[in-house]
Amino acid sequence: MKAIRVEAPGGPEVMKLVELPTPAPGNGQALVRVEAAGVNFVDIYQRSGAYKMPLPFTPGQEGAGVVEAVGPGVTEVRADALDARPGHRALERGLQHRARHRGGWQRHQGLGPAAAAMLQGMTAHYLVTDTFPLRPGHMCLIHAAAGGVGQLFCQLASRAGAHVIGTAGGPEKVRIAQRAGAKDAIDYRAQDFEAEVKRLTGGALVHVVYDSVGKDTWEKSLRCLRPRGMLVLFGQSSGPVPPFDPQLLATGGSLYFTRPTSGSYMLTRDELLTRAGAVLGAVERGDLKLQIEATFPLDQAAKAHELLASRKTTGKLLLVP
């Protein structure tokens, strides 16, 4: 089988397309022929060494494909080996997950949207429903609101009844954020987002800031919070947040600071299926709109990483074999 391998951390050039033996599924496992895989910032963090990984490894946190074979004890997905139809379609959150952590997808739907929705959609879902449960009356600030996860975020947050303020880089991205559900959108290249948040809220500030940017934004994000507000740091596209004195939270008004990860919000099969069902159901109904910006062949994974790291994207990037 073909796979992208990383032998040592570094830039996009360290990713090599290689041939590996096709594995046989073990107990509780399924072998999936991946037809589409999403590209996410966590892949960049792992490839660069910002997040430590055992070497060598194959990057990738989400994919969609067809079940080719199943191991002993697997009853919830199947391979239609004696049928002319494709095998059971599966969605993967973490390509190494066991079969019990896979969610199904209807045959008539393309696998590109499935791969595009999984990680980013479920990330936005748990942040909006669990990390800081949004409801009518809440004011929230969402950074990178025109990106792949940002657009899903704006849709879910506005559907929850929150007043969404989004930041984006440039007039076109501002318009994209507004179309996705941001009631107000700030062009951070031309405006000071901290000053704009104060103006837009009449000095009341926001209840929560969802920050995937990190180093370049976190201090101003804290200053956008009203007393007892929460900064939800769920990424670091500009670099990691440096160590800081927790007294900063006290002087800001007894603020909360959290660094969630998706694994902590999908610890069980029931949690995963509930969350995946909510996201994929919203996609099927048309309540959640996906924006797939570009699709790359597998051997151009480095180009996909470069484009995502440039922060010029306004939608999901996919890799296909």
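Residues numbered from 1 in each chain as written. Predicted model: local features only at pLDDT ≥ 70, side-chain atom pairs only at ≥ 80, totals over all residues. Heavy atoms only, no water.

A. Expanded view of the overall build of the protein. From N to C terminus, the protein includes nine helices and 14 strands. Here the protein has a C-alpha radius of gyration of 20 Å; the compact-globule value for 321 residues is 20 Å, and the two agree. Overall size of the protein, expressed as C-alpha extent along the three principal axes, is 65 × 40 × 35 Å. Looking at the protein residue by residue over its 321 residues, the buried ones come to 53%. Here the analysis covers contacts within the protein between residues at least 6 apart in sequence; of these, 64% occur between residues at least 24 apart. Counting only carbon and sulfur atoms, one obtains 54% of the accessible surface of the protein, whose full area is about 14600 Å². Of the side-chain charges in the protein, 37 are positive and 29 negative, and the distance between the mean point of each set is 2 Å. (Helix = DSSP H or I, 4+ residues; strand = E, 2+ residues; numbered from the N terminus. Rg over C-alpha atoms; globule rule 2.2 N^0.38 Å. Buried < 20%, exposed > 50% of the residue type's maximum accessible area, 1.4 Å probe, protein only. Contact = heavy atoms within 4.5 Å. Areas by Shrake-Rupley, 256 points an atom, 1.4 Å probe, with all protein chains shown as cover. Lys, Arg positive; Asp, Glu negative; His and termini not counted. Charge placed at Lys NZ, Arg CZ, Asp CG, Glu CD.)

B. Local environment of the pattern of salt bridges. Within the structure shown, the criterion is met by 14 salt bridges. Between Glu62 and Lys316 there is a salt bridge, with its nearest N and O atoms 2.4 Å apart. One end of the pair, Glu62, is in strand 4 (residues 62-70); the other, Lys316, is in strand 14 (residues 316-320), and 254 residues separate them in sequence. The exposure class assigned to Lys316 is buried, which follows from its relative accessible area of 2%. Between Arg275 and Asp130 there is a salt bridge, and its shortest N-O distance comes to 3.0 Å. Within this pair, whereas Arg275 is found in helix 8 (residues 269-285), its partner Asp130 is found in helix 2 (residues 111-131), the two being separated by 145 residues in sequence. Since its relative accessible area comes to 7%, Arg275 is described here as buried. The class of Asp130 is partly exposed, set by a relative accessible area of 39%. Each of Arg33, Glu35 and Glu68 takes part in salt bridges that share partners, so that together they form one network. (Salt bridge = Lys/Arg side-chain N within 4 Å of Asp/Glu carboxyl O.)

C. Representation of the confidence of the model for the protein in the model. Looking at the protein as a whole, the pLDDT averages 88, with 90% of positions reaching at least 70. Segment residues 93-103: pLDDT under 50, and 40 contacts once partners within four positions in sequence are set aside and those in other chains are kept. (pLDDT = per-residue confidence, 0-100.)

D. Up close: the sheet that holds strand 11 (residues 225-233). Overall, parallel pairing links the six strands, which are arranged 9-8-7-10-11-12 in an open sheet. Strands at the two margins of the open sheet, each flanked by one partner only, are strand 9 (184-187) and strand 12 (256-258). The mean inter-strand angle of the sheet, taken between neighbouring strand axes irrespective of direction, is 15 degrees. Sheet analysis places strand 10 (residues 206-211) next to strand 11, joined by five bridges and oriented parallel. Residue pairing for strand 11: Asp211 is matched across the bridge by Leu233. Sheet strands touched by helix 2: strand 10, strand 11 and strand 12. Its angle to strand 11, the strand with the most contacts, is close to 150 degrees. (Pairing = 2+ DSSP bridges. Axes fitted to C-alpha atoms, helices over the stretch in contact; angles between N-to-C directions.)

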